[in-house]
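Observations on the three-dimensional arrangement
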Amino acid sequence: MFDDTIAAIATPLGSGGLAVIRISGPRALAVADRAFTPVGPHSQPPSRAASHTIHYGKVRRDGKQVDEVLCAVMRAPRTFTREDVVEITCHGGVLATKTVFDTVLECGARPALPGEFTQRAFLNGRIDLAQAEAVADLIHARTERALTAANEQLAGKLSQRINQLRDELMLTLAHLEAHLDFPEEDIAPDTRAQLENRMARGIAFMVELLRTAEEGQLLRRGIRAAIIGRPNAGKSSLLNQLLGHDRAIVSPIAGTTRDTIEETANVRGIPVVFIDTAGLREARDEIESEGIRRSRESLARAELILHVLDAGEPLQGEDEKLLSEFADKKRIIIRNKMDLPVKLVFPSEIQNPKSENVPLVDVSSKSGEGIETLKDTIKSLVWSGGVTAEMAQVTINSRHQDALKRASASLRLALEALRADASLEFVALDLRQGIAAVGEIVGKTTTEDLLDAVFGQFCIGK
Ligand SMILES: Nc1nc2c(ncn2[C@@H]2O[C@H](COP(=O)(O)OP(=O)(O)OP(=O)(O)O)[C@@H](O)[C@H]2O)c(=O)[nH]1
Ligand SMILES: [Mg+2]
């Protein structure tokens with residue numbers, strides 16, 4: 001338990017109807033007593049209020065009223081942090097919120113660090129580390145699918161599996177250690193087989209879990225998809241169709257888009273950042289040349305290329321150059337303006353999808369025809385699937401991935417050593433390392449650096 005009391009503005013700063021100031025710690029009730037004056041016969045000072053009740057009153061500073069508020073009192077241990085928690089709901093203006101917050105600080109709380117409330121919830125044993133990360137995922141979720149995944153993780157779906165795995169490995173280690181105590185006795189063949197089986201099962205389980213990493217990253221980070229093509233191919237029109245609103249300027253003048261435009265859309269549950277770029281060609285002036293430079297820069301960071309071609313015109317040298325330039329990238333070739341008489345003929349390697357395996361989609365960015373097919377194609381291209389039903393509700397993040405990779409490497413070493421009849425000391429050593437790495441995921445094994453890295457990504461007030 002901690003001996004200081006922290007406070008933060010838990011809502012985004014701006015002009016809103018309401019804002020919430022959150023206080024947690026052993027002196028939360030005392031701090032709130034000083035900041036808050038109950039009004040009316042049913043309101044109580046926080047220290048006298050029953051747990052999980054709300055009270056109407058005023059926040060005063062230097063004898064003057066600062067705001068009219070509601071004060072929610074939640075006593076330990078049935079709170080997010082397992083400490084005494086008070087939440088003051090005040091008016092949402094920047095100045096009102098800031099003044100109430102400052103008053104709370106003057107009354108004895110200190111400003112919370114990013115993620116400090118969640119960190120306390122973790123250190124006080126209310127949630128494990130994977131669940132704490134799920135809180136951040138939940139806040140940052142941009143699609144329903146990502147939200148569901150975050151909720152599953154918060155409910156402990158990943159933690160259960162990790163704990164099960166860790167328990168199995170601990171049991172195996174206990175077995176080994178029992179033998180270490182009697183080095184003169186040989187390990188019985190069927191015991192050995194049992195130990196080998198357990199480790200092999202552990203490795204297989206980790207491989208399954210690791211398969212969910214790609215989906216996890218997709219849901220958390222989304223992907224960047226750059227829309228490219230020569231001027232006037234219809235890139236901006238396509239962007240507008242994909243977003244469902246008129247974001248970019250469209251015109252028959254080649255070279256309309258000069259700056260890169262980025263906007264996120266939900267494509268079949270995946271957050272996709274679409275980047276509309278300046279048509280790639282020899283620049284005619286300084287502005288266009290800067291636009292093209294920026295386009296190239298964001299192209300380098302894009303995970304997916306949407307190459308737009310104008311179906312109403314024959315293939316041109318510029319198109320061919322781009323086709324070969326992005327041959328090594330994950331890409332979709334889009335034949336746009338399919339509402340016009342088709343004059344575009346592809347080089348044979350693209351016409352034959354078997355030889356090149358580049359998905360080809362026909363659309364009209366004018367009528368919207370083909371856009372749904374394009375969305376399906378984007379999804380199937382980035383969402384590899386291959387996750388078993390058993391792992392369906394699990395999506396690990398890159399920290400879990402790293403820990404699991406180290407854990408499975410250690411376990412493989414342990415298994416090899418056991419099979420090679422090496423000293424059981426060595427087997428146990430590798431196994432212990434593997435268990436420690438698995439434990440990092442749920443926070444059974446932690447270091448200060450690890451905690452800083454996890455909670456440093458949070459926003460203040462969470
Ligand atoms: N008929 C038809 N016209 C289209 C279609 N898509 C775009 N256009 C027209 O093509 C012209 C160029 O469209 P833009 O979306 O501005 O093309 P762009 O590739 O962004 O062009 P730059 O920004 O100049 O590189 C406009 O006049 C559009 O109305 C389509 O599917 N069918
Ligand atoms: Mg454009």
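If you're wondering where the values come from, they're calculated on a predicted model, not measured in any experiment.

Another aspect to go through is the confidence of the model for the protein chain. Mean pLDDT over the protein chain: 90, with 96% of residues reaching 70 or higher. No element of the protein chain has a lower mean pLDDT than helix 13 (residues 353-356), at 50, and none a higher one than helix 1 (residues 28-35), at 98.

To continue, consider the site of ligand 1. Neighbouring ligand 1 are 23 residues; K235, S237, G255, T256 and S365 lie closest to it. Note that an oxygen atom of ligand 1 is positioned 2.7 Å from one of the backbone N or O atoms of T256. In this structure, an oxygen atom belonging to ligand 1 sits 3.4 Å away from a side-chain N or O atom of S364. Compared with its free state, where it exposes 650 Å², ligand 1 has 89% of that area covered by protein. The element best represented in the shell around ligand 1 is helix 9 (residues 235-243), accounting for three residues.

This part takes up the packing of helix 7 (residues 189-211) against helix 15 (residues 398-419). Following both chains from N to C, one finds helix 7 and helix 15 inclined at 155 degrees, their axes separated by 10 Å at the closest point. By the angle between their directions, the pair helix 7 and helix 15 is classed as roughly antiparallel. Here helix 7 runs over helix 15; the crossing is left-handed. Across from R192, L195, E196, M199, A200, G202, I203, M206, V207, L209 and L210 in helix 7, the residues of helix 15 making contact are Q401, L404, K405, A407, S408, L411, R412, A414, L415, L418 and R419. A class-by-class count of the residues in the contact of helix 7 with helix 15 yields 14 nonpolar, three polar and five charged.

Another point: the pairing of strand 8 (residues 223-228). Counting buried residues in strand 8 gives six out of six residues, a clear majority hidden from the surface. Every second residue of strand 8 is oriented toward a common face, with I223, A225 and I227 on one face and R224, A226 and I228 on the other, all of them buried. Here five bridges tie strand 8 to strand 10 (residues 270-276), and the two strands are oriented parallel to one another. What sits directly across from I223, in strand 10, is V272.

Conventions used here
Residues numbered from 1 in each chain as written. Chains lettered and ligands numbered in written order. Predicted model: local features only at pLDDT ≥ 70, side-chain atom pairs only at ≥ 80, totals over all residues. Heavy atoms only, no water. pLDDT = per-residue confidence, 0-100. Helix = DSSP H or I, 4+ residues; strand = E, 2+ residues; numbered from the N terminus. Near = heavy atom within 4 Å. Polar contact = N/O pair within 3.5 Å; in protein donor to acceptor, adjacent residues only side chain to side chain. Areas by Shrake-Rupley, 256 points an atom, 1.4 Å probe, with all protein chains shown as cover. Axes fitted to C-alpha atoms, helices over the stretch in contact; angles between N-to-C directions. Parallel < 35°, antiparallel > 145°, perpendicular 65-115°, else oblique. Left-handed = near helix turned anticlockwise from the far one by under 90°. Contact = heavy atoms within 4.5 Å. Nonpolar A, V, L, I, M, F, W, Y, C, P; charged D, E, K, R; others polar. Buried < 20%, exposed > 50% of the residue type's maximum accessible area, 1.4 Å probe, protein only. Pairing = 2+ DSSP bridges.

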